Amino acid sequence: MKTIKTLTACLGFSGVCLLASCSAGGDTGTPPQPTTAQYDTLSVLGDRAFGRGLVRKRADIPSPGNIYPFGAATTPPLWEMAEWGTKHELQEADKTTDDGGRVTYANAGKAIAFEKDGGNVKVRMDVYTSAEYDAPRQQNQAWPHLLIEQSFPEKPLVKDLEGLVLKFKGRLTGAEMKMDAKDFNPGLHTAQFQLFITVQDLNPASAYHGDYLWFGIPFYDYRYEQIPLYAAQDVGKGDATGKFIYSAGSSDFMEGSFQSGNWITIEKDIYPLIVGALELAKERGYLTGSFFEDFGISGMNLGWEVPGTFDAGFEFTEFDLLAVKKHK
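Residues numbered from 1 in each chain as written. Predicted model: local features only at pLDDT ≥ 70, side-chain atom pairs only at ≥ 80, totals over all residues. Heavy atoms only, no water.

> Explain the overall build of the chain to me, please; I cannot follow it from the model alone.
A tally of helices and strands in the chain yields one helix and 20 strands. Taking all 328 residues of the chain together, 45% fall into the buried category. Sequence-distant contacts in the chain: of pairs separated by 6 or more residues, those separated by 24 or more amount to 72%. Carbon and sulfur atoms provide 50% of the accessible area of the chain, an area that totals close to 15,800 Å². (Helix = DSSP H or I, 4+ residues; strand = E, 2+ residues; numbered from the N terminus. Buried < 20%, exposed > 50% of the residue type's maximum accessible area, 1.4 Å probe, protein only. Contact = heavy atoms within 4.5 Å. Areas by Shrake-Rupley, 256 points an atom, 1.4 Å probe, with all protein chains shown as cover.)

> Sorry, what's going on with the packing of aromatic side chains here?
Remark: the centre distance and the inter-plane angle together describe each pair of aromatic rings, the angle taken between the planes. Applying the stated rule across the entire model yields 22 aromatic pairs. Between Tyr220 and Trp304, the aromatic rings sit 5.9 Å apart at their centres with planes inclined by 75°, giving edge-to-face as the arrangement. Residue Tyr220 is found in strand E15 (residues 212-221), and its partner Trp304 is found in strand E19 (residues 295-305); the two are separated by 84 residues along the sequence. Neither residue differs from the other here; Tyr220 and Trp304 are each classed as buried. Each residue in the set Phe168, Phe193, Phe219, Tyr220, Phe253, Phe258, Trp304, Phe314, Phe316 and Phe319 is aromatic and connected to the rest through ring pairs, giving one cluster. (Phe/Tyr/Trp six-rings, centres within 6.5 Å; stacked < 30°, edge-to-face > 60°.)

> Would you take a moment to explain the pairing of strand E7 (residues 79-82) for this structure?
In regular strands, side chains alternate between the two faces of the sheet. One ladder, built from four bridges, connects strand E5 (residues 54-57) with E7; its direction is parallel. Bridging from a neighbouring strand, Val55 pairs with Glu80 of E7. As paired elements, E7 and strand E12 (residues 145-151) share three bridges and run antiparallel to each other. By the bridge assignment, Ala82 is partnered in E12 with Leu147. (Pairing = 2+ DSSP bridges.)

> What's the story with the sheet that holds strand E16 (residues 230-233) in this structure? I'm lost.
For sheets, the rule is that strands pair by backbone hydrogen bonds, running either parallel or antiparallel. The mixed open sheet is built from nine strands, whose spatial order is E6-E5-E7-E12-E19-E14-E15-E17-E16. Unpaired on one side and paired on the other, strand E6 (66-67) and E16 mark the two borders of the sheet. As judged from the ten bridges shared by strand E14 (residues 192-201) and E19, these two strands associate in the antiparallel manner. The residue of E19 that forms the bridge with Val199 is Ile297.

> Explain the pairing of E12 here, please?
Counting buried residues along E12, six of its seven residues qualify, which places the element largely inside the surrounding structure. Where E12 lies against E19, seven bridges are found, and the strand directions are antiparallel. Note on E19: the bridge partner recorded for His145 is Glu305.

> Just checking my understanding: could you explain the pattern of salt bridges for this structure?
Opposite charge on two side chains permits pairing when their charged atoms draw close. Inspection of every chain in the model, using the stated rule, returns 17 salt bridges. In this structure, Arg58 engages Glu83 in a salt bridge whose closest nitrogen and oxygen atoms are separated by 3.0 Å. With Arg58 in the loop between E5 and E6 and Glu83 in the loop between E7 and strand E8 (95-97), this pair connects stretches of sequence that are 25 residues apart. Comparing Arg58 with Glu83 shows no difference in burial state: the two are buried. A salt bridge links Asp183 to Lys182; the shortest N-O distance between them is 3.4 Å. Residue classification places Asp183 among the partly exposed residues on the basis of a relative accessible area of 30%. (Salt bridge = Lys/Arg side-chain N within 4 Å of Asp/Glu carboxyl O.)

> I would appreciate a short explanation of the environment of Leu202 in the present structure.
Along the chain, Leu202 turns up in the loop between E14 and E15. Once the C-alpha coordinates of Leu202 and Ser298 are considered, the two residues, 96 residues apart in sequence, prove to be 8.1 Å apart. Excluding its chain neighbours within four sequence positions, the residues that come into contact with Leu202 are Lys155, Leu157, His209, Asp294, Gly296 and Ser298.

> Help me understand helix H1 (residues 271-283), please; the structure alone is not making it clear to me.
Given 3.6 residues to a turn, an α-helix orients residues that are three or four positions apart in the same direction. With 13 residues, H1 should reach 18 Å at 1.5 Å per residue; the first-to-last C-alpha distance of 19 Å fits that figure. Those residues of H1 not exposed but buried are Tyr271, Leu273, Ile274, Val275, Ala277, Leu278, Leu280 and Ala281. (Expected span 1.5 Å × (residues − 1).)

> Whenever I open this one, unusual backbone geometry confuses me. Can you help?
Leave glycine aside and you will find that most residues have negative phi; peptide bonds, for their part, are mostly trans. In this model, Asp47 sits at a positive phi of 50°, which is unusual for a non-glycine residue. Of note in the backbone geometry, Glu318 takes a positive phi value of approximately 60° without being a glycine. Considering the arrangement of structural elements, one finds Glu318 in strand E20 (residues 310-326). Since its relative accessible area comes to 32%, Glu318 is described here as partly exposed.

> How should the side chain of His145 be read in this particular structure?
Looking at the secondary structure, you find His145 in strand E12. We classify His145 as buried; its relative accessible area is 4%. Reaching out from His145, the side chain makes a polar contact with the backbone oxygen of Trp143 at a distance of 2.8 Å. At a separation of 3.3 Å, a polar atom in the side chain of His145 contacts the side chain of Glu305. (Polar contact = N/O pair within 3.5 Å; in protein donor to acceptor, adjacent residues only side chain to side chain.)

> Is there a simple way to explain the nonpolar core in this structure?
When a protein is soluble and globular, its nonpolar side chains tend to lie buried together. With 67 residues, the main nonpolar core has Phe168, Phe215, Phe219, Trp304 and Phe319 as its most contacted residues. Counting residues per element, this core draws most heavily on H1, which supplies eight residues. Residue contacts for Phe168: discarding those within four places in its chain leaves Phe193, Phe219, Phe258, Ile264, Thr265, Ile266, Leu302, Phe314, Phe316, Thr317, Glu318 and Phe319. (Core = buried A, V, L, I, M, F, W, Y, C linked by side-chain atoms within 4.5 Å.)

If you want it as structure tokens, here you go:
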């Protein structure tokens, strides 16, 4: 999806526009005109309607097949569905369709549903880790994931962007702790629904080509109504990547809290946060072999990570990432 927009430059949220000229004497002659700039806006997501299905992604082994919420496609899927740390893997045979056309894949450990929502697709993701854990999770023990992810068909360079607009509408459908309160350790146990974007060295001539950081947008965390900023190395389990994670504070990109259970709509330019994440990563000793000009927005994953015994659900629609470039 590509559109060309004319944007009026404004100061903050006051609605006061930058003027082409001013008069200290309060001249009320010809009104000055607001400055404008032409921008190209491109969705970096491929197949937002999930029409090509999803690859059932597995670690270090070939995929056992795909799922097709809206019927088999003639072209390979762009989306992947990752189910790490689970005893219960979804498959096409788990598919049911209700009278309203909502398609659900479900088993004892999780469920994912797809429903056409105008020009969008509403996705619901549920996890039942009470069926996964035999005892409360321990340090360095892997945890269940249910993620949808993709490598972007077009990977814009950070240096070429004027903005990266996150659009998202979602709500928490429920979250219940299924472990004894006396066993709950907030340093080890939670349920998180979040978006991660890979910011990666895409310069094939770079000695560090492929190096990356995880940039996170945490929509929900059982432990916090307002989620704090987190910036550290990816650790905590055997297959951790060791890369730098920058997960924004929830107040950096939204108002309110998904803990309310209410629908919340987000439309936020997260580009300044990504630039800040790159700067902090370098300050902390990561990505030091790559230049700012080398980095691009290469891919994402979205969904549940549950390092604790919780049954929880989240649904969302209108999800998009819009790369904003000055029109040439």
